[in-house]
Each structure stands twice: as C-alpha cells, then as structure tokens.
Amino acid sequence: MSTPAICRIAGGVLVLLVGTAIGAGGLQLWRGGPEAWPDVIADKTTVRRTSGGMIVMAALLLIAGVAATGNLPWGGWAAAVATIVVVLAAFWANYALFGNVRPPHTGTNIVVAAIILALLWFGYAN
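Okay, so let's go over this structure. From a predicted model like this one, the values you see are computed outputs, not experimental measurements.

## Describing the environment of Gly25
Then, in step 1: Tracing the backbone through its elements, the reader meets Gly25 in helix H1 (residues 3–32).
Then, in step 2: With a relative accessible area of 8%, Gly25 lands in the buried category.
Then, in step 3: With 80 residues separating them along the chain, Gly25 and His105 place their C-alpha atoms 14 Å apart.

Written out as structure tokens, the structure is:
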C-alpha cells in the first residue's frame, strides 16, 4: 500500500471517528436535554436545536469519511470541507451550550482538524 493511500485512509477514518463522537454527543443531548451534561447552561430549545445540528453534521462527516476512505474523487474535498465546517460550528455550539468557547476543547478540535487536513492533502496528492 502506498503512502498516499495510507494517509487517505487514516484521514478518512479520523473523519469517521469525529463523526461518530459528534453523533453520540448529539444523541445524548437530544435525549437528555440540558441535564445531559452538568455544565450545560443553555435552555431546552437551544440544546434541542444544537443537538439536531450535531446529528446532521455527524451524518455528513460519516458520509464524507466513507467517501474519503473509499477513494471516491469527491471524498477528499467532502471530508476536508465537513471537517472545517465542524470546527467552525463548534465555536458557536460551545458558546451556545456552555457560555464560552472552552479553549482546551477548541484547541483540540483545531489540532485534530489540522491532522485530518494534512492526511487528506497527502492522501489525495497526485
């Protein structure tokens, strides 16, 4: 297996893992409301809307991750765009749910996104 293939698959799998984590968090919030996490300060309506958005983003990440792993021509772009959108949306979601952007969480998102984007870039390099 070539180095680009390994990078592409690793990037796609990371996108799948991020999508799974976001989906699990979204479902937990959807079912548990503001009580799902002790530090959520948002009201039920905000939690419901945010969790719905998380579930939609999780589905998009899962599709993009499968497409990237499967080496579909649009898979790399889809995975990269979905990753960037999730990181940007997480700023808003953290603020809406917790009252701040939670710098350690946001920093982790940025680092993981940078790794994913680098892997996809090398994985789709011709």
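## Some points on a nonpolar patch on the surface
Then, in step 1: Residues Ile84, Leu88, Phe91, Tyr95, Val101 and Ile110 make up a contiguous nonpolar surface patch of about 550 Å² in total accessible area.
Then, in step 2: Examining the composition of the nonpolar patch, we find that four residues originate from one element, helix H3 (residues 75–98), more than from any other.
Then, in step 3: With respect to the helices, strands and loops of the structure, Ile110 is situated in helix H4 (residues 103–123).

## Some words on the side chain of Arg8
Then, in step 1: When you line up the elements, Arg8 lands in helix H1.
Then, in step 2: Buried within the structure, Arg8 lacks any salt-bridge partner; Asp39 is the closest side chain of opposite charge, at an N-O distance of 36 Å.
Then, in step 3: In this structure the side chain of Arg8 is engaged in a polar contact, spanning 3.3 Å, whose partner is the side chain of Asn71.
Then, in step 4: Once residues within four sequence positions are removed from consideration, Arg8 is found in contact with Ala68, Thr69, Gly70, Asn71, Leu119, Leu120, Gly123 and Tyr124.

Definitions and cut-offs
- Sequence order as written defines residue numbering, which begins from 1 separately in each chain.
- Residues qualify for local features only when their pLDDT is at least 70, as the model is predicted, and side-chain atom pairs are given and counted only at 80 or more; totals for whole chains, interfaces and linings, by contrast, use all residues.
- Side-chain calculation: all heavy atoms of the structure are included, whereas hydrogens and water are not.
- Put simply, DSSP marks the helices as runs of H or I at least four residues long and the strands as runs of E at least two long, and each gets a number from the N terminus on.
- Buried means the residue's accessible area, taken with a 1.4 Å probe over protein chains only, is under 20% of the maximum for its type, while exposed means over 50%, and partly exposed covers the values in between.
- Patch criteria: residues need more than 30% relative accessible area and no salt bridge. Like-charged residues are merged within 9 Å; nonpolar side chains of Val, Leu, Ile, Met, Phe, Trp and Tyr are merged within 5 Å.
- Computed with a 1.4 Å probe, the accessible areas rest on the Shrake-Rupley method; for each residue, only the protein chains presented here act as cover.
- The salt bridge criterion pairs a side-chain nitrogen of Lys or Arg with a carboxyl oxygen of Asp or Glu, the two atoms within 4 Å.
- For this count, His and the chain ends are skipped, Lys and Arg are scored as positive, and Asp and Glu as negative.
- Each polar contact in these results corresponds to two N or O atoms within 3.5 Å; when the atoms are within protein, one needs to be able to donate a hydrogen and the other to accept it, and residues that are neighboring in sequence are counted only if both atoms are side-chain atoms.
- By definition in these notes, contact holds between two residues if any of their heavy atoms fall within 4.5 Å.

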